[in-house]
Amino acid sequence: MTSTGTGRRRDLQDLLDLSRKPGLSYLRKEAAPKAPRRKSRDTYPARFAAMAAFTPRRILAFAYEYLRNRFGPRHRFEFYEDEDSDKGVYQLQGDDQEIRIALCGDWGTGTDEAYYVGQRILDSSPHYTIHLGDVYYVGDAAEVSQNFLGEPNPDNDFQPCCWPCGTNGAFALLGNHEMYARGEAYFEDMLPALGLKNGGGQKASYFCLQNKFWRIIGLDTGYNSVGWPMLEILFPADCALPAKVIDWLKDEVRLNQADERGIILLSHHQYYSKYDCCYRKPALQLSQLITGPVLWFWGHEHRLVIYEEFGIGDGLRAHGRCIGHGGMPVEYPLPRPQLKDCPVEFIDDRLYFNDENLRLGLNGFARLTLRGKSLAIEYVDLTGYAVFREDWEVENGVLKRVWKGP
Ligand SMILES: [Fe+2]
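Computed from a predicted structure; not experimentally measured.

### Description of helix α3 (residues 112-123)
Then step 1. Here α3 spans 16 Å end to end across twelve residues, near enough to the 16 Å set by a 1.5 Å rise per residue.
Then step 2. Within α3, the full set of buried residues consists of Asp112, Glu113, Ala114, Tyr115, Val117, Gly118 and Ile121.
Then step 3. Contacts made by the buried residues of α3 are with β2 (99-104), β3 (128-131) and β15 (364-371).
Then step 4. Two residues or fewer past α3, Ser125 is found with a positive phi of approximately 50°.

The structure is reproduced here in structure tokens:
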């Protein structure tokens, strides 16, 4: 899966201020232009972007799509069957005693910036690539095809964007935006195109990549991220890990047994944030299985933030790494802090000079390199520059950071 050419992909301004509410995501989808606009210093004000949906044809399409998906059943939750030889636990393979893994969140926008980030990922020659979820606007079949699988869409003039696969495989977590279309395209179209090279596809929305020193565990916080219309106001979705995932963590990953490997968690939703809401439920569930602290990479919030070790209440202690800056506009300046005691160590607050005259931050991804018990992490932007780096080691199951720097 490779894309060629640039310059005729979707603009960042078409995704600016995109709401996390399903209805407003459907409205923005209908409002989006069908062809690239002429670049200009006069950008269309984002707060009026959804107004373009208010033509009779577009509003009818919006109503049909929204009602069909919001009141239809979710896709069946896929899990590893007892008779499957593949239980979603895979041995990491590399070369020259080195394993390279690229992590990227909220990448599925179809923008030039997503394309550039994809190219920088390929420049790293990763053995594995992992998308932390969210294909926009609503992760339906047409958007997954164009913004993730690199297939042209005959209904618009935008060039497609293709997820960069690793030489040994590629995986994707489930985000809330894929669930706005009931997860149909995620399970039916994305997963069969992913997984280990020649492995027959990614079987479920959770998995573990492991070796003698490390376990990298992909979790599903997306399936339970969307509630029922209206009722979700009273009973908001808590992104709980499905029971099948908890059983798998016990029975196959054996998280509740003594182990000396370092644990790296991956999820779409953030456990905590200084600037956004917190999703505590998965961390509470995991605290029954892991003593921690762990390294935990998440997306959903569209910026790069490195946190010091932190936890909420009885939840797991974690070194949180927010990397949801893969392809969405990185909004600038920072919002007012919501969780004031959440300790930020580093935040990428550089400005990105773009051809849309938007005041935004830089997109990028995280590059992990495993060498025995050592782990090097580089946070790379769309130009290829590593804005923050850190080295970790694991000893008797305990993570220790041995170096950090720009
Ligand atoms: Fe999200």
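Moving on from the model shown.
### Quick word on the confidence of the model for the chain
Close inspection of predicted coordinates is inappropriate for parts of the model with low pLDDT.
Then step 1. Looking at the chain as a whole, its pLDDT mean stands at 93, while 95% of the residues score no less than 70.
Then step 2. The model gives residues 1-5 a pLDDT under 50, and that stretch makes 17 contacts with residues more than four places away or in other chains.

### Here we look at the pairing of strand β7 (residues 214-218)
Then step 1. In terms of burial, β7 is a largely internal element, five of the five residues being buried.
Then step 2. Residues of β7 alternate between two faces, with Trp214, Ile216 and Gly218 on one and Arg215 and Ile217 on the opposite face, all of them buried.
Then step 3. Looking at chain direction, strand β6 (residues 207-210) and β7 are connected through four bridges and run antiparallel. By the bridge assignment, Phe207 is partnered in β7 with Gly218.
Then step 4. Taken together, β6 and the strand that follows it, β7, pair antiparallel across an intervening segment of three residues.
Then step 5. Two elements, β7 and strand β8 (residues 262-267), share five bridges in a ladder whose sense is parallel. Note that in β8 the partner of Trp214 across the bridge is Gly262.

The rules we used
Residues numbered from 1 in each chain as written. Predicted model: local features only at pLDDT ≥ 70, side-chain atom pairs only at ≥ 80, totals over all residues. Heavy atoms only, no water. Helix = DSSP H or I, 4+ residues; strand = E, 2+ residues; numbered from the N terminus. Expected span 1.5 Å × (residues − 1). Buried < 20%, exposed > 50% of the residue type's maximum accessible area, 1.4 Å probe, protein only. Contact = heavy atoms within 4.5 Å. pLDDT = per-residue confidence, 0-100. Pairing = 2+ DSSP bridges.

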